[in-house]
Amino acid sequence: MEEGPNRYAVELESVSTYYYGEKRPAIQNINLKIDVGSLALIIGPNGAGKTTLLETVLGLLRPREGRIKVLGYRIPKEVLKARALCAYLPQDFMKPPMEPFTAREVVAMGLASNSFMGMLSDDDWRKVDRSLELLGMLEYANKPFGKLSGGQQQKILLARALVREPKLLLLDEPFSAIDQKTRSYIVSEVFPDLLRKGCTILLVSHDSESLLINPSVIIRMRDGFVEQVIIRNVHVAH
Amino acid sequence: MFMLLINSIISGILAGGLCGAVGAMCNRLRLTTIAFSIAHAALAGSALALTLGADMISLAILFALISATILGPLADQLRIPLDLVSMILFSMYNALTFIFILSAPGQVLMTESVGQLLWGSVLAIRPTYIAYLLLTFVIILAFLTLFWGKINSLLFDIKLAEAEGVNVRIYKYVILIIAGAAITLALRMTGGFLVFSLLYIPAAASLQLQANMKWIIAASWLLGSTSASMGLLMSFLYDLPAGSCITIAALIILAGASVYSRLRVSLAVEGRPR
Ligand SMILES: Nc1ncnc2c1ncn2[C@@H]1O[C@H](COP(=O)(O)OP(=O)(O)O)[C@@H](O)[C@H]1O
Ligand SMILES: [Mg+2]
């Protein structure tokens with residue numbers, strides 16, 4: 001394990017986040033350190049605070065207390081630098097049929113966000129197509145995003161996340177609409193490949209869909225608290 | 001007279017296009033009511049100019065730009081949607097407009113100036129006005145082309161763009177200020193009540209075309225240009241208020257776009273092999 005400031009991809013110290021106007025924190029006194037290159041599975045019932053935790057890490061929600069570091073950057077001070085290295089797949093992301101964006105455009109946005117002024121080179125467009133192909137979505141590249149099924153939209157968003165070649169990938173129940181075959185392909189091929197490249201994955205899940213996964217750490221949440229952290233001895237091939 | 005006609009057609013093409021493009025973006029961002037606050041800020045500014053005997057364009061632009069600038073931060077501070085902040089400012093500006101007009105010296109209500117303010121007029125078109133339009137045109141076109149990748153991402157989904165490190169707040173504020181400039185300038189021709197026709201009708205017509213976002217903005221730009229220049233021509237020919245003619249032209253174009261889109265769909269269905 002490497003030493004120094006960047007041993008951890010995510011560090012949370014006594015973090016509590018309140019939604020605006022709420023008296024009760026949605027997550028409370030969270031202390032976590034996630035090693036670089038690990039796959040962390042976050043589980044817990046609905047309302048446990050899993051989504052809130054991810055959005056707090058990304059700085060989309062501002063914690064009332066505590067300190068956060070993502071890939072060595074302080075949140076929220078250096079949040080834009082941190083986000084440039086992250087990719088996020090939000091929970092239940094669906095768009096209506098008339099959306100004026102094609103699947104390929106949606107994936108390309110993942111690169112535009114990082115590039116200067118949002119411009120893409122030919123090489124970038126090739127990356128976009130490769131990412132679509134990886135998830136078997138290349139044949140839908142020119143379809144309007146909203147006219148794809150829920151599972152297909154999720155795959156496009158995953159392609160958008162992957163094309164960014166993130167150092168930290170945050171996935172919020174990414175498999176809710178994805179078929180079993182694709183799910184096991186992602187878990188057994190895509191994830192290990194990312195981990196080998198040094199990417200850290202935070203995967204939120206509330207059910208057994210995670211059974212196939214072999215996480216290096218399991219974080220169990222309940223009522224806004226981290227109830228249990230199980231560190232497992234998983235060997236990731238280097 | 002001929003020069004005025006040429007100038008007003010040029011202004012129509014520029015201002016109509018700007019409003020069309022801005023309208024399509026605001027519609028996508030669900031900011032359709034921002035036009036109300038910005039247009040009526042300009043109206044209040046013009047009314048104040050009447051009272052003080054100052055220059056109408058300058059005060060109108062000043063008021064509108066202040067509004068466009070404070071809208072975003074105000075919504076963030078008050079934690080209410082931009083749409084709602086916009087309607088609050090709209091009410092405030094209307095109140096101010098009436099007070100300014102009624103406290104203006106002399107029989108202002110009867111004058112050409114108030115008519116110009118409310119219904120718009122081609123007489124408002126002067127070389128400096130065209131210069132302002134041209135400048136705004138260049139700025140908006142440059143912003144859209146240079147930053148298109150990020151703007152497209154923002155228009156697709158703000159939260160996702162934010163999560164990926166796009167500075168969405170700055171982009172949103174810039175879009176608001178750009179919208180403010182376009183609306184204020186168009187207002188001189190259409191008047192305070194009918195500037196909305198150029199913001200909403202071309203945007204609605206462009207949605208009929210079922211294209212991607214870039215083409216929707218381009219189409220809205222083109223349709224706005226066409227509506228405004230056609231309307232101004234009509235206003236000249238029949239000596240009718242510019243704003244009303246522009247609105248009617250825009251409505252005709254919307255009807256045309258809707259018929260076209262239906263035809264296209266039914267042709268596509270018939271053309272399919274059975
Ligand atoms: N926008 C919001 N405003 C107020 N409370 C919220 C909001 N979103 C979530 N919550 C509350 O925060 C808690 C955690 O929610 P969430 O993080 O979405 O849970 P999970 O993702 O584990 O299902 C819940 O009690 C929920 O009711
Ligand atoms: Mg959730």
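1. Description of the overall build of chain B
In step 1: A count of helical and extended segments in chain B gives 12 helices and zero strands.
In step 2: When its helices and strands are written in sequence order, chain B yields α-α-α-α-α-α-α-α-α-α-α-α.
In step 3: In terms of overall dimensions, chain B is globule-like: its C-alpha atoms have a radius of gyration of 19 Å, near the 19 Å expected for 274 residues.
In step 4: Seen through its C-alpha atoms, chain B measures out along the principal axes to roughly 75 × 50 × 30 Å.
In step 5: The burial tally for chain B puts 54% of its 274 residues in the buried class.
In step 6: A sequence separation of at least 24 residues applies to 76% of the contacts in chain B between residues at least 6 apart.
In step 7: Distance from the positive charge centre (14 side chains) to the negative charge centre (9 side chains) of chain B: 9 Å.

2. Things to note about the interface of chain B and chain A
As a measure of interface size, the accessible area lost when the parts come together is often cited.
In step 1: With 27 residues of chain B at the interface, the matching set in chain A holds 31 residues.
In step 2: Contact between chain B and chain A buries roughly 2500 Å² in total, counting both sides, with carbon and sulfur atoms accounting for 60%.
In step 3: Its largest share of buried area at the contact with chain A, chain B owes to Phe156(B), Leu160(B) and Glu164(B), together 29% of the area lost on that side.
In step 4: For the interface between chain B and chain A, the tally reads five salt bridges.
In step 5: Of the charged contacts, one joins Glu55(A) and Lys159(B) as a salt bridge, the two residues approaching to 2.7 Å between their closest N and O atoms.
In step 6: Inspection of the chain B/chain A interface yields 13 residue pairs in polar contact (both at pLDDT 80 or more).
In step 7: Counting residues per element, the ones that place at least two in the side of chain B that touches chain A are α6 (127-146), α7 (148-156), α8 (158-163) and α11 (213-238) of chain B.

3. Some points on the site of ligand 1
Residues and elements named next belong to chain A.
In step 1: All residues adjacent to ligand 1 are Tyr19, Glu22, Ala26, Pro45, Asn46, Gly47, Ala48, Gly49, Lys50, Thr51 and Thr52.
In step 2: Within the backbone of Gly47, a nitrogen or oxygen atom sits 2.8 Å from an oxygen atom of ligand 1.
In step 3: Within the backbone of Gly49, a nitrogen or oxygen atom sits 3.0 Å from an oxygen atom of ligand 1.
In step 4: Notes on ligand 1: free accessible area 560 Å², of which the protein chains cover 60%.
In step 5: The class makeup of the residues in the shell around ligand 1 is four nonpolar, five polar and two charged.

4. Re the sheet that holds strand β6 (residues 86-89) of chain A
Residues and elements named next belong to chain A.
In step 1: Read from one edge to the other, the open sheet built from six strands follows the order β6-β7-β8-β3-β9-β10, with strand pairing classed as mixed. Edge positions in the sheet fall to β6 and β10 (225-231), since each has one partner strand and no second. The sheet shows a mean angle of 15° between the axes of neighbouring strands, taken without regard to direction.
In step 2: In the sheet, strand β3 (residues 39-43) pairs with strand β8 (residues 200-204) via four bridges, with the strands oriented parallel. Paired with Ile42 across the two strands is Val204, which belongs to β8.
In step 3: The sheet contacts of helix α1 (residues 50-57) involve β3, β6, β7 (168-172), β8 and β9 (217-222), and relative to β7 the element is tilted by about 150°.
In step 4: Docked against the sheet, helix α6 (residues 180-196) engages β3, β7 and β8, running at close to 140° with respect to β8.

5. A short note on the packing of helix α4 (residues 122-134) of chain A against helix α5 (residues 150-163) of chain A
Residue and element names in this part refer to chain A.
In step 1: Contact pair α4 / α5: the axes reach a minimum separation of 9 Å and the direction vectors enclose 130°. The angle between α4 and α5 falls in the class oblique. α4 and α5 meet at a crossing whose hand is right-handed. For the pair α4 and α5, contact is made by Lys127, Val128, Ser131, Leu132 and Leu134 and by Ile156, Ala159, Leu162 and Val163, respectively.

6. Comments concerning the coordination of the magnesium ion (ligand 2)
Residues and elements named next belong to chain A.
In step 1: Looking at the magnesium ion (ligand 2), the protein donor atoms are Thr51 (OG1) and Gln91 (OE1), and they sit 2.0 to 2.2 Å from it. Here the residue Thr51 occupies a position in helix α1, and Gln91 occupies one in the loop between β6 and α3 (103-112), the gap between them amounting to 40 residues.
In step 2: Note on Thr51: relative accessible area 24%, which makes it partly exposed.

7. Focus: the sheet that holds strand β4 (residues 65-70) of chain A
The pairing of strands in a sheet comes from backbone hydrogen bonds and takes either a parallel or an antiparallel form.
All names here are of chain A.
In step 1: Spatial strand order, β2-β1-β4-β5: four strands in an open sheet with antiparallel pairing. Looking along the sheet, the strands with just one partner apiece sit at the ends: β2 (27-35) and β5 (73-75). Sheet twist, expressed as the average angle between the axes of neighbouring strands with direction ignored, equals 20°.
In step 2: Direction of pairing for β4 relative to β5: antiparallel, over a ladder of three bridges. Bridged to Ile68 within β5 is Ile75.

8. Considering unusual backbone geometry
Backbone phi values are negative for most residues with the exception of glycine, while trans is the configuration of most peptide bonds.
In step 1: Note that the residue after Ile75(A), namely Pro76(A), is joined by a cis bond; omega there is 5°.
In step 2: Note on placement: Pro76(A) falls in the loop between β5 and α2 (79-84).
In step 3: Of note, the phi angle at Arg79(B) is positive, near 55°, even though the residue is not glycine.
In step 4: Locating Arg79(B) in the fold gives a position in the loop between α3 (56-78) and α4 (82-102).

Conventions adopted
Residues numbered from 1 in each chain as written. Chains lettered and ligands numbered in written order. Predicted model: local features only at pLDDT ≥ 70, side-chain atom pairs only at ≥ 80, totals over all residues. Heavy atoms only, no water. Helix = DSSP H or I, 4+ residues; strand = E, 2+ residues; numbered from the N terminus. Rg over C-alpha atoms; globule rule 2.2 N^0.38 Å. Buried < 20%, exposed > 50% of the residue type's maximum accessible area, 1.4 Å probe, protein only. Contact = heavy atoms within 4.5 Å. Lys, Arg positive; Asp, Glu negative; His and termini not counted. Charge placed at Lys NZ, Arg CZ, Asp CG, Glu CD. Buried area = accessible area lost by both parts, 1.4 Å probe. Salt bridge = Lys/Arg side-chain N within 4 Å of Asp/Glu carboxyl O. Polar contact = N/O pair within 3.5 Å; in protein donor to acceptor, adjacent residues only side chain to side chain. Near = heavy atom within 4 Å. Areas by Shrake-Rupley, 256 points an atom, 1.4 Å probe, with all protein chains shown as cover. Nonpolar A, V, L, I, M, F, W, Y, C, P; charged D, E, K, R; others polar. Pairing = 2+ DSSP bridges. Axes fitted to C-alpha atoms, helices over the stretch in contact; angles between N-to-C directions. Parallel < 35°, antiparallel > 145°, perpendicular 65-115°, else oblique. Left-handed = near helix turned anticlockwise from the far one by under 90°. Donors = N, O, S within 2.8 Å, 3.2 Å for Na, K, Ca; no water.

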